[in-house]
Amino acid sequence: MSERHKSLYDQYKCKRCLKKGHKKPLCKAKWVKCKLCHSQSHLECLCDSHSVVPTESKNNKKEIASETNVSFLFPGNPSKDIPKQTIYYQTLRAKIVNNNCEYNVRIICDSASERFYICESIAERAGLKTVGKEKLKIFTFASNEASVSELKRKRITLKNCNSDLVITLEALATKTICASKISSPSSRMIELLQNEGFELSDSGASSGRVDILIGNDYLSAVLTGKTHRLNNCLMLYESVFGWTLSGRDGEFNERTVGKESAGLFI
């Protein structure tokens, strides 16, 4: 028995659809199809030829297909052939509701931040009401001095994109939440998690922009407290807007050195 099959056996997962609770002979999933050999008996992550697939190009040169990253399905056996490391932030999607209008926003949860922030541009576009002002000392990472700013406090109503659930909070309006782009989980990761029964809130195409940062003042109002560990590097957290993924996938290597990192408010 291969290490991958043994890992599935130990987790009581089907060797055909990767879901828990049944074995391959009893699997009734109709969507299973290997993208490499087109067999309906397994997915490509369990295909015998999944790591190296030679194909003939127009110039008769052999090309090598890259291996599918499914390391989180096999906690004890991360793939050594995957050079890229992906960092997942706790990102969510919701809608601002104001004056019978809805505005799509992207949210990041940051327990290292004390306060709840919203970009001035989206606050103005949504016509959010100012309910007060606050003077704050803002410390950024690796800085010994604080910058003092007076920020407007906005009342904001957020709605779940897939239900009528709404919560009303107060956020401080600032010009920028994060200068770096925060990418969404890949379509492959979203698909794999859907097969496990988890619908990510932050799914679909994204420009990488973050409109709202939820800090410790309102974090407990957004996160439900329910979690699910995928492996020792990846965790799922349930929120009132859906599930969010956090952690890293892949391994450190020379390609990740010098890669741009995101900087948020502290």
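A quick note: this is a predicted structure, and the numbers were derived from the prediction, not measured.

Draft legend 1. Fine view of the pattern of salt bridges. On inspection of all chains with the given rule, the structure shows eleven salt bridges. Here E102 and K159 are joined by a salt bridge, their closest N and O atoms 2.9 Å apart. Of this pair, E102 sits in strand β5 (residues 101-109) while K159 sits in strand β8 (residues 147-159); the two residues are 57 residues apart in sequence, bridging distant segments of the chain. When its relative accessible area of 41% is taken as the criterion, E102 is described as partly exposed. A salt bridge links D202 to R106; the shortest N-O distance between them is 2.9 Å. Residue D202 is located in the loop between α3 (187-195) and β10 (212-214), and its partner R106 is located in strand β5; the two are separated by 96 residues in the primary sequence.

Draft legend 2. Broad picture of the packing of aromatic side chains. Applying the stated rule across the entire model yields two aromatic pairs. For the ring pair F116 and Y218, a centre distance of 5.6 Å and an interplane angle of 85° mean the geometry is edge-to-face. One end of the pair, F116, is in the loop between β5 and β6 (117-119); the other, Y218, is in the loop between β10 and α4 (219-222), with 102 residues separating them in the sequence. Judged by relative accessible area, which is 22%, Y218 ranks as partly exposed. With a centroid separation of 5.1 Å and an interplanar angle of 85°, the aromatic rings of F198 and W243 are classed as edge-to-face. Here F198 is found in the loop between α3 and β10, whereas its partner W243 is found in strand β13 (residues 242-249), with 45 residues between them in sequence. The same class applies to F198 as to W243, namely buried.

What counts, and at which threshold
Residues numbered from 1 in each chain as written. Predicted model: local features only at pLDDT ≥ 70, side-chain atom pairs only at ≥ 80, totals over all residues. Heavy atoms only, no water. Salt bridge = Lys/Arg side-chain N within 4 Å of Asp/Glu carboxyl O. Helix = DSSP H or I, 4+ residues; strand = E, 2+ residues; numbered from the N terminus. Buried < 20%, exposed > 50% of the residue type's maximum accessible area, 1.4 Å probe, protein only. Phe/Tyr/Trp six-rings, centres within 6.5 Å; stacked < 30°, edge-to-face > 60°.

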